[in-house]
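Below are the chains, spelled out letter by letter.
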Amino acid sequence: AQSVAQPEDQVNVAEGNPLTVKCTYSVSGNPYLFWYVQYPNRGLQFLLKYITGDNLVKGSYGFEAEFNKSQTSFHLKKPSALVSDSALYFCAVRDIQAAGNKLTFGGGTRVLVKP
Amino acid sequence: NAGVTQTPKFRVLKTGQSMTLLCAQDMNHEYMYWYRQDPGMGLRLIHYSVGEGTTAKGEVPDGYNVSRLKKQNFLLGLESAAPSQTSVYFCAISVKREYTGELFFGEGSRLTVL
């Protein structure tokens, strides 16, 4: 079975400061990891993914994430947060052994960027 | 979210009523999914389909049925709605690229069961 934990329900950060959203995962095999963002009353939008290769993955809107196999983590980061980054962020994992490209999502972390 | 259309976007039901949510895609993707989103619980997979005519159960399938008669459509049915099914439902699609394809989501359908 695969699972994802996002330990923080909400993250508050001042505009211009670095933003980090934490994610840890559990899978039986090699993980494929994803980050999605959800703006109010909208569907989820893909930000970035880790499949293989470089542990630092760059994605949309200036976001990046670092895969750490020993810590089973995939934290989302942005060097300088914008007010427009305020949204709900979801980490997701797919186990290579899981059929049908199914993703398991974390509970989500709400990010609030204050001016 | 272009390419994935969900109807209806809002619906209020009484306990015991039935309804069907429609997901339509124009991207010709093989895989389609129905998730429900509840506060603090993230998204949980209800049912999914890996191709026309095939469906499979996800994490929380009880109380729901699905059909994929045409490749571009994936229907989610509630035969006898219960208040516990009050949720926001999301359809998603994925290419048949084993393991690595990201999901594309619809805008969601908000269902309230009284």
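Each remark here, short or long, concerns the structure printed above.
Residues numbered from 1 in each chain as written. Chains lettered and ligands numbered in written order. Predicted model: local features only at pLDDT ≥ 70, side-chain atom pairs only at ≥ 80, totals over all residues. Heavy atoms only, no water.

Thoughts on the overall build of chain B
Turning to step 1, where the next piece is worked out: Helix and strand content of chain B: zero helices and eleven strands.
Turning to step 2, where the next piece is worked out: Against the globule reference of 13 Å for 114 residues, chain B gives a C-alpha radius of gyration of 13 Å, in line with a compact fold.
Turning to step 3, where the next piece is worked out: Counting only C-alpha atoms and orienting by the principal axes, one finds that chain B spans roughly 40 × 30 × 25 Å.
Turning to step 4, where the next piece is worked out: Taken over 114 residues, chain B has a buried fraction of 49%.
Turning to step 5, where the next piece is worked out: Relative to all contacts within chain B whose residues are 6 or more apart in sequence, the contacts with residues 24 or more apart total 54%.
Turning to step 6, where the next piece is worked out: Looking at charge distribution, chain B has the averaged site of its 12 positive side-chain charges lying 5 Å from that of its 10 negative ones. (Helix = DSSP H or I, 4+ residues; strand = E, 2+ residues; numbered from the N terminus. Rg over C-alpha atoms; globule rule 2.2 N^0.38 Å. Buried < 20%, exposed > 50% of the residue type's maximum accessible area, 1.4 Å probe, protein only. Contact = heavy atoms within 4.5 Å. Lys, Arg positive; Asp, Glu negative; His and termini not counted. Charge placed at Lys NZ, Arg CZ, Asp CG, Glu CD.)

Some points on the side chain of Q6(B)
All names here are of chain B.
Turning to step 1, where the next piece is worked out: Within the secondary structure layout, Q6 lies in strand β1 (residues 4-7).
Turning to step 2, where the next piece is worked out: Reaching out from Q6, the side chain makes a polar contact with the backbone nitrogen of C91 at a distance of 3.0 Å.
Turning to step 3, where the next piece is worked out: Among the polar contacts listed, one links the side chain of Q6 to the side chain of S109, at a separation of 3.1 Å.
Turning to step 4, where the next piece is worked out: Setting aside chain neighbours within four positions, we find Q6 in contact with L22, W34, Y89, F90, C91, G106, E107, G108 and S109. (Polar contact = N/O pair within 3.5 Å; in protein donor to acceptor, adjacent residues only side chain to side chain.)

Scope: geometric values only; no functional claims are made or implied.
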